[in-house]
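# Structural characterization, general
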Amino acid sequence: MAYTTNPHLPKVRMQAVRLVRAGWSIRRAARYTGFSHGAIINWIKKAPLDGRRVIPTLSSRPHHHPRELNSEIVQAVIDYRMKHQRCAEVLHHLLLRDGYQVSLSSIKRVLRRQGLVRHSPWKKWHTYSPRPIAEKPGILVQIDTIVDGAPDDRLYIYTLLDVCSRWAYALPQERINTHRSLRFIKQAINISPFPFQTLQSDHGSEFSKWLTEKLNEHGLSHRHSRVRTPSDNGHLERFNRTIQEECLNRVPRTVKHYQKEITEYLHFYNTERPHMGLNMKTPMQVVRSY
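Everything numeric here is computed off the predicted structure, so don't read it as measured data. (Residues numbered from 1 in each chain as written. Predicted model: local features only at pLDDT ≥ 70, side-chain atom pairs only at ≥ 80, totals over all residues. Heavy atoms only, no water.)

For the rest of this paragraph, the subject is the overall build of the chain. The helix and strand tally for the chain stands at 11 helices and five strands. On C-alpha atoms alone, the chain measures out to a radius of gyration of 30 Å, which is more than a quarter above the 19 Å that the 2.2 N^0.38 rule sets for 290 residues. Overall, the chain is about 90 × 60 × 35 Å in size when its C-alpha atoms are taken along their principal axes. Here the chain holds 290 residues, and 40% of them are scored as buried. Across the chain, 46 positive and 24 negative side-chain charges occur, with their mean positions spaced 15 Å apart. (Helix = DSSP H or I, 4+ residues; strand = E, 2+ residues; numbered from the N terminus. Rg over C-alpha atoms; globule rule 2.2 N^0.38 Å. Buried < 20%, exposed > 50% of the residue type's maximum accessible area, 1.4 Å probe, protein only. Lys, Arg positive; Asp, Glu negative; His and termini not counted. Charge placed at Lys NZ, Arg CZ, Asp CG, Glu CD.)

This paragraph deals with the packing of helix H7 (residues 178–191) against helix H8 (residues 209–217). One can describe the packing of H7 onto H8 by two numbers: an axis separation of 9 Å at closest approach and a directional angle of 30 degrees. The handedness of the crossing between H7 and H8 is right-handed. Every residue of H8 that contacts H7 at Thr178, His179, Ser181, Leu182 and Ile185 is listed here: Trp210, Leu211, Lys214 and Leu215. Of the residues belonging to the contact of H7 with H8, the class tally is five nonpolar, three polar and one charged. (Axes fitted to C-alpha atoms, helices over the stretch in contact; angles between N-to-C directions. Left-handed = near helix turned anticlockwise from the far one by under 90°. Contact = heavy atoms within 4.5 Å. Nonpolar A, V, L, I, M, F, W, Y, C, P; charged D, E, K, R; others polar.)

The subject of this paragraph is helix H4 (residues 71–84). Taking 1.5 Å per residue as the helical rise, H4 with its 14 residues ought to reach 20 Å, and the 20 Å between its terminal C-alpha atoms agrees with that figure. Along H4, the positions that sit buried rather than exposed are Ile73, Ala76, Val77, Ile78, Tyr80 and Arg81. Buried residues along H4 sit against helix H5 (88–97) and helix H6 (104–113). Positive phi shows up at Gln85, right after H4, with a value of about 55 degrees. (Expected span 1.5 Å × (residues − 1).)

Attention now goes to the sheet that holds strand S4 (residues 198–201). Within a sheet, adjacent strands bond to each other through the backbone by hydrogen bonds, running parallel or antiparallel. With respect to topology, five strands assemble into an open sheet ordered S3-S2-S1-S4-S5, the strand pairing being mixed. Strands with a single pairing partner mark the edges of an open sheet, and in this sheet they are strand S3 (168–173) and strand S5 (221–224). Adjacent strand axes in the sheet meet at a mean angle of 25 degrees when their direction is disregarded. The strands touched by H8 are S4 and S5; relative to S5, the strand with the most contacts, the crossing angle is about 150 degrees. Here helix H10 (residues 255–271) sits on the sheet and contacts strand S1 (141–148), strand S2 (155–162) and S3; the angle it forms with S3, its principal contact strand, is near 175 degrees. (Pairing = 2+ DSSP bridges.)

This brings us to the pattern of salt bridges. Applying the stated criterion across every chain, the model contains 10 salt bridges. Salt-bridge contacts for Arg97 lead to Asp98; the nearest nitrogen and oxygen are separated by 3.2 Å. Residue classification places Arg97 among the exposed positions, given a relative accessible area of 55%. What makes Asp98 partly exposed here is its relative accessible area of 36%. Across the salt bridge formed by Arg226 and Asp232, the nearest N and O atoms sit 2.7 Å from each other. (Salt bridge = Lys/Arg side-chain N within 4 Å of Asp/Glu carboxyl O.)

Between the first and last C-alpha of H7 there are 20 Å, a value that for 14 residues agrees with the 20 Å anticipated at 1.5 Å per step. Taken residue by residue, H7 has Thr178, Arg180, Ser181, Leu182, Phe184, Ile185 and Ala188 as its buried positions. Tucked into the core, H7 has its buried residues touching S1, S2, S3, S4 and H8.

Right, let's get into the packing of aromatic side chains. This structure, assessed with the given rule, holds 10 aromatic pairs. Ring centres of Trp167 and Phe194 lie 5.7 Å apart, and the angle between their planes is 80 degrees; this geometry places the pair in the edge-to-face category. Of the two residues, Trp167 is situated in the loop between S2 and S3 and Phe194 in the loop between H7 and S4; the sequence distance between them amounts to 27 residues. Note on accessibility: Trp167 and Phe194 belong to one class, buried. (Phe/Tyr/Trp six-rings, centres within 6.5 Å; stacked < 30°, edge-to-face > 60°.)

What follows covers the packing of H5 against H6. Between H5 and H6, the shortest axis-to-axis distance is 9 Å and the interhelical angle comes to 120 degrees. Classified by the interaxial angle, the pair formed by H5 and H6 is oblique. Once H5 is placed against H6, the crossing between them reads as right-handed. Contacts between H5 and H6 involve Ala88, Glu89, Leu91, His92 and Leu95 from the first element and Leu104, Ile107, Lys108 and Leu111 from the second. Taken together, the residues of the contact of H5 with H6 sort by class into six nonpolar, one polar and two charged. (Parallel < 35°, antiparallel > 145°, perpendicular 65-115°, else oblique.)

Structure below.
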């Protein structure tokens, strides 16, 4: 952070230097500009000789921290990373084993500053583009997955909901990945009574960079909700609760039963079930109104 935020000060510094170079004394230039004698001297030392008209404001960030890691530990972290090619947690264990006193957070910070952090090609740092206003069906469609059961006996349900009309679609699966996500979206597009424009998901591995690229190839936009902000997909999160309470919790936990019952429930949900958020209309009634 700079020690001043005055946008005019870089020009004032160079103006004072020019006055001194034109023959003014340092004391006279200091009185004229309202700065100290020592400040004018420092500006003269910093004044560029390449014709620039300003002396830029430098950052006041300190060059060192009183509790910074010593160079020996920093070099040890780098050497261990180059030798073992392991993650920060493993490096932390190895360094402690060999007598180095360093925290896990310090190791992660060193790796990040040295450019030694690898990122999966399937993931990326997401930029949050402006969320489109769901004025019509299909402008903003939310997609998610429900995890049902214990880790050793899990079933997954892909869910999808249009924010404007609340039209919903769901499909049970024994496994989830990016390819199954794309297949699910294509099936939803085929039966949807309106075209999709933007799909919004969380940062799950089944909604990764590959899926974004494939959706873009099909003319669809894909945006991600903010990290640790489930309210961004709030409409779909509420539908996930509804389908679990009104359908999934009342049938046997098998893919065969889920497929049959979810299909029947979706017909009821989209065409017969009144929604308070839609003034007691059904999703299909809202769709037909556009």
